[in-house]
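One letter stands for each residue in the lines below.
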Amino acid sequence: MRRREFLGSAAAFTTVGPWRLVHAEATAAESRYDLIVVGAGTAGIPAAIFAARRGARVLMLETAGDIGGTLHLSTGQMSAAGTRLQASQGIRDSADLHFADVMRISRGTADRDLVRLAVDEAAATLDWLMDSGFDVLPEHPVLGLGHEPYSERRYCWGKDGGRSILVVLRNQLQPELDSGRVELKLLTPVSALLTDGAGAVIGVRVKSADLERQYFGRSVLLATGGYASNSEMFERLSGFRDYADTAYPTCTGDGIELGVSVGGYVRGRENYLSNFGSILTDTGFPARFLARFVVIPQQRQPWEIFVNARGERFIREDEPSFDRREQSLLTQPDLRYWIVFDDAILSEAPPGVGGWSRDQIREAFDLHGWFVRAEDLPTLARRAGIDPAGLQATVSQYNSAIERGTPDRLGRLHRPRHIERGPFYAIRHQGHSTTSTVGITVDRNLRVLRNPGKPVPNLYAAGELLGAGQTQGRSFVGGMMVTPALSFGRWLGQRLPVTTA
């Protein structure tokens, strides 16, 4: 592969470079590696880089037409404590404080062993990225954005999100490709793991174009990402419908199927969490993201009310906690709610749909089925799919409390005006998750486990394949997906057996 072709901004799934193919006549020795990495993404690339630097012969196998995986779409949010970045700004922080914050925010639902490993390795990972050319935004690190805040400023990302990280990984991987220590095969899905008579993993079977080949490795790392682009697996594992098509297309759960095929098992279903909802393109689920109402009171105080399908309010609309809002949606029918208001609010309040003008919002009620308008509340409810009696009772109770000057029953403080004169409006919001909550089970050394806890010899896993519910628990914890993936890959690359070292 030529350097310029590899480092160029190739579009995922369409870039096919002149990759070196191992032909059928290759000798057995040429098909043996110290490490076979299945998936060239956030965890797989650092694993290959650091193993190759120790002298390992590494084979990377990627289903897509480019490396990077979810970094092409991710916001690339990272969190690390005790970094040189923090020290340069006089911030005193530690992995212990980071660990305590993750367990606090997740309410103890994250996996303690994996969180401990992640936070212990995070600073070295971020320092390495920054030494290699990664630049955080000028105002970073910060306490938080879009998630529950940390107790210290350790949260950061680059101007191009995940792509800022990918640029660095490409540059760091290129010398290993040039030297031949890493061999990369794109458009090459792994169809099976190879095992010996004792059940140890000894290699992989791949199918690329019309060729089926076997490759043997001393260690195999599964780093294939999650399953959020596999609607059937999403619903089966998470227990909720796959409402939104927002994940990277190759996140189809292949790594889970490979791990389970050799005795591994999954965990984390109880930690499923949805975001607080989006406006999607249509009801042909999974649908694409269209827009989102600004429901964060720190950015815009609410004038509207939020109701579920029964027409009931279920959370104070000015609730400042991200986590409380997200947890409240889990108990609502179909993870769905409507934002309800009247024409006076539409005219007077700051525009509520992020990035849209008031005129654009008005126009949407003539164009999109999730934007519903009616002259009276019962008609609005019927058109939107809300219980009419429930909505009328809720609006009446909300208005009465404002008129009497009595406290809101949910504790809401910001109540600028009644909802009283038509036309009335409702904008539907659908909760959904971009990530995969459930993942393959590993021990503290990232070895894939067989029930009841025995490792599958030579088989490891890292990245989203472990499940967001392990490094975040039943909460969204800032930076606790991208950073652990990078750190776990780097950590394995530094430690897995290398015959030539």
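That block above? That's the structure.
An account of the accompanying structure is given in this report. Throughout, residues of each chain are indexed from 1 in the direction in which the sequence is written. Owing to the predicted nature of the model, reporting of local features is limited to residues with pLDDT of at least 70; listing and counting of side-chain atom pairs is limited to 80 or more, with chain, interface and lining totals taken over all residues. With hydrogens and water set aside, each side-chain value is computed from the structure's full complement of heavy atoms.

## Section: helix α7 (residues 231–238)
Move 1: Those residues of α7 not exposed but buried are Met233, Phe234, Leu237 and Ser238. Along α7, the residues classed as buried sweep out an arc of 105° about the axis, all on the same side.
Move 2: Residue contacts follow a heavy-atom distance rule, with two residues in contact if any of their heavy atoms lie within 4.5 Å. Here a strand is any run of E in DSSP of at least two residues, a helix any run of H or I of at least four, and the numbering for each starts at the N terminus. Buried residues along α7 sit against α8 (254–261) and β9 (266–267).
Move 3: Just downstream of α7 lies Gly239, where phi reads positive at about 85°. Note on classification: 1.4 Å probe, protein chains only; a residue is buried when its accessible area is under 20% of the maximum for its type, exposed when over 50%, partly exposed between these limits. To obtain the arc, one takes the directions from the helix axis to the C-beta atoms.

## Quick notes on the pattern of salt bridges
Should the charged atoms of two oppositely charged side chains come close, the side chains can pair.
Move 1: The term salt bridge refers to a side-chain nitrogen of Lys or Arg lying within 4 Å of a carboxyl oxygen of Asp or Glu. Throughout the structure, instances matching the rule amount to 31 salt bridges.
Move 2: Note that Asp318 is salt-bridged to Arg316, the shortest N-O span being 2.8 Å.
Move 3: Across the pair Glu348 and Arg417 runs a salt bridge whose closest N-O atoms are separated by 3.3 Å. Of this pair, Glu348 sits in helix α10 (residues 343–348) while Arg417 sits in the loop between α13 (388–404) and β15 (424–430), placing them 69 residues apart in sequence.
Move 4: Among the residues examined, Glu348 registers a relative accessible area of 47% and is labelled partly exposed.

## Some words on unusual backbone geometry
Move 1: For the bond from His140 to Pro141, the omega torsion is 5°, close enough to zero to count as cis.
Move 2: Going from Phe285 to Pro286, the amide bond is cis rather than trans, its omega being -5°.
Move 3: Here Pro286 shows up in the loop between β10 (279–280) and β11 (289–291).
Move 4: Even without being glycine, Asp334 reaches a positive phi, approximately 60°.
Move 5: Its place among the elements puts Asp334 in the loop between α9 (322–329) and β13 (336–342).
Move 6: Accessibility expressed as a relative area gives 46% for Asp334, which makes it partly exposed.
Move 7: Within the chain, Leu335 stands out as a residue other than glycine whose phi angle is a positive 55°.
Move 8: Inspection of the secondary structure puts Leu335 in the loop between α9 and β13.

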